[in-house]
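If you want the building blocks of each chain, they are given just below.
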Amino acid sequence: MKTQRYLAQLYLTLFTAPLLCHANFEQQWHWQTEAGYRAASSSDMFEQQDAAVAQSALWWNPSYRGWVGQLSALGYVDHRGEQELDLSVNELFWMGQWGELDWLVGKHRSDYGVSYAHRPLDIFLPFRQNPVGIQIEEGVGIVAGSYFTSQGELTLLYSDSHFLDIEDRLKQRGIGLRYYQLDFTSEWQGILYWDNHRKLNAGGSWVSTFGDSWELHLEGRYQQRYQQPALNSRVGDAQWQQPLSWHEQDHGWQMLVGGSYSSHLIGTVIMEYWYDGRALSDQQWQSAIATTAWLRAQPHYGNLWQAGGALFSMENLQQHNLMLHWQKQRQPWTNRIDLMFSPQDQGLIATASSEYELSQRWLVRASLRYFGGASDSLYQQLPESSIALLSLEGRF
């Protein structure tokens, strides 16, 4: 956090001082504040404590000629009343032409995914899709040169995330090749990427429209190596001092198929199914839940049972997933509903939001997320049973 604060201060001083009054300098500000309540679930995997939440974020997006940046400040108060402020430089990169290539150099949020609920081609530093609250998304180091044709784009790139303040298992450094093609009503892309941790990543996507209302999209990725968490199941030995461990696995597959329909009367409806072979199996989850419950019942093991919460940090909790999204906009209102269903154990996450545009710059939003489904479903093991938020957002 201190490193990010110093970087932010240096960025502000060096980048803005000579530019604020320059004709080519542009900037945008985005501010969001929210307050709400998180109702605890009855899960044995987490502490059962309801909590009020309050946080605010300010994003600053300056640009000068070919330089573009994003700096954010996130302040929040937890349920104990403790306050925290995080400053970070999310992006700072240069875009321009040199020779016959278009270049992108610097820290950039790069995501080649085309889907709504899950994006297999978000290769470099994936973030959870469609969060109910504020989420700060940080880029990675990128050097990319692109050659454009009349209908396509060929890109050679290098990526590095080792300098970021993230878990070691998420850091990577690698090179890749991407080709993108646009053909009338369809577009497709293919990506080959190799890094020092996951080795080969190979993926692609295809998107096509049919008439004015229908759209179909496919997206997938093969990952040569990936890490999977596990709770040790041995009892009474030294392994309980570190109950959670990460194990390297081979050959992870992700696949998504989805479609959407849009009309003035109905709005937009998106339906997607995706499979993630890197997620834990039902048997692994049952074993982890039973191990956590046993640890929690043993006072002499202290708080070791809390290690099980790290299992929920994976991109996907279940291997098979379904998502139904509906959105309808009628000025000044925009309403959304998301239903995420797990066919493996009949778990359900339902999210509803309604926002009202106060003006061209300001809007207010109310959001509610509910975790439910079958009583023994995995979503019932998440730390909250519901989240309710009220937020105010402005752009200027």
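On inspection of all chains with the given rule, the structure shows 1 cavity of 30 Å³ or more. Its boundaries defined by the atoms lining it, the largest cavity holds a volume of some 40 Å³. His108, Arg109, Ser110, Phe124, Leu125, Glu138, Gly139 and Val140 are the residues that line the largest cavity.

A word on the pairing of strand 16 (residues 347-357). One ladder, built from 10 bridges, connects strand 15 (residues 333-342) with strand 16; its direction is antiparallel. Looking at the pairing, aspartate 338 lines up with threonine 351 of strand 16. The turn joining strand 15 and strand 16, which pair antiparallel and follow one another in sequence, is formed by 4 residues; a positive phi near 60° is taken by glutamine 346. Note: strand 16 against strand 17 (residues 362-373), 11 bridges, orientation antiparallel. Bridged to isoleucine 349 within strand 17 is phenylalanine 371. Counting the residues in the hairpin turn of strand 16 and strand 17 gives 4 residues.

Our next topic: the packing of aromatic side chains. Counting across every chain of the model gives 12 aromatic pairs. Among the aromatic residues, those joined into a cluster by ring pairs are Trp31, Trp362 and Phe396.

It is worth spelling out the nonpolar core at this point. Grouped together as the largest cluster of nonpolar side chains are 25 residues, with contacts concentrated most on Trp285, Leu311, Phe312, Leu317 and Leu382. Listing elements by their share of this core, those giving two or more residues are strand 13 (267-276), helix 2 (282-296) and strand 18 (384-395). In contact with tryptophan 285, other than residues within four places in its own chain, are Leu280, Leu311, Phe312, Leu317, Gln318 and Leu378. Counting residues in each nonpolar core, the second largest holds 15 residues, with Val140, Leu164, Ile191 and Tyr193 among its members.

Let's shift gears to the environment of tryptophan 59. Following the sequence through the fold, tryptophan 59 ends up in strand 2 (residues 51-64). Relative accessible area serves as the criterion here: at 8%, tryptophan 59 is assigned to the buried category. Between the alpha carbons of tryptophan 59 and glutamine 32 there is a distance of 8.7 Å; along the sequence they are 27 residues apart. Ignoring anything within four residues of it in the chain, the contact list for tryptophan 59 reads Gln28, Trp29, His30, Gln32, Gln70, Leu71, Ser72, Asn90, Ile134, Gln135 and Ile136.

Of the voids in this model, the second largest pocket is the one considered here, and its volume is about 890 Å³. For the second largest pocket, the lining is made up of 34 residues, of which Gln32, Pro131, Gly133, Arg365 and Glu393 are closest to its centre. Elements that contribute at least two residues to the lining of the second largest pocket include exactly strand 1 (25-40), strand 2, strand 14 (320-330), strand 15, strand 16, strand 17 and strand 18. No other element matches strand 1, which puts 5 residues into the lining of the second largest pocket. Split into classes, the residues belonging to the lining of the second largest pocket amount to 11 nonpolar, 14 polar and 9 charged.

Should their charged atoms come close, side chains of opposite charge can pair. The full count for this structure, using the stated rule, is 17 salt bridges. Between aspartate 122 and arginine 109 there is a salt bridge whose closest N-O contact spans 3.0 Å. Taken together, the residues span a long stretch of sequence, with aspartate 122 in the loop between strand 5 (101-108) and strand 6 (140-148) and arginine 109 in the loop between strand 5 and strand 6 at a distance of 13 residues. The same class applies to aspartate 122 as to arginine 109, namely buried. When the shortest N-O distance is used, the salt bridge between aspartate 195 and arginine 198 registers 2.8 Å. Across the pair, arginine 198 and aspartate 195 agree in class, each one buried. Three or more residues joined by partner-sharing salt bridges are found here, namely Arg336, Glu355, Arg365, Glu393 and Arg395.

About the cut-offs
Residues numbered from 1 in each chain as written. Predicted model: local features only at pLDDT ≥ 70, side-chain atom pairs only at ≥ 80, totals over all residues. Heavy atoms only, no water. 1 Å grid on protein atoms, 1.4 Å probe; cavity = no way out; pocket = protein on both sides within 12 Å on 5 of 7 lines; lining within 4 Å. Points joined across faces, edges and corners; volume = space filled by probe spheres on them. Pairing = 2+ DSSP bridges. Helix = DSSP H or I, 4+ residues; strand = E, 2+ residues; numbered from the N terminus. Phe/Tyr/Trp six-rings, centres within 6.5 Å; stacked < 30°, edge-to-face > 60°. Core = buried A, V, L, I, M, F, W, Y, C linked by side-chain atoms within 4.5 Å. Buried < 20%, exposed > 50% of the residue type's maximum accessible area, 1.4 Å probe, protein only. Contact = heavy atoms within 4.5 Å. Nonpolar A, V, L, I, M, F, W, Y, C, P; charged D, E, K, R; others polar. Salt bridge = Lys/Arg side-chain N within 4 Å of Asp/Glu carboxyl O.

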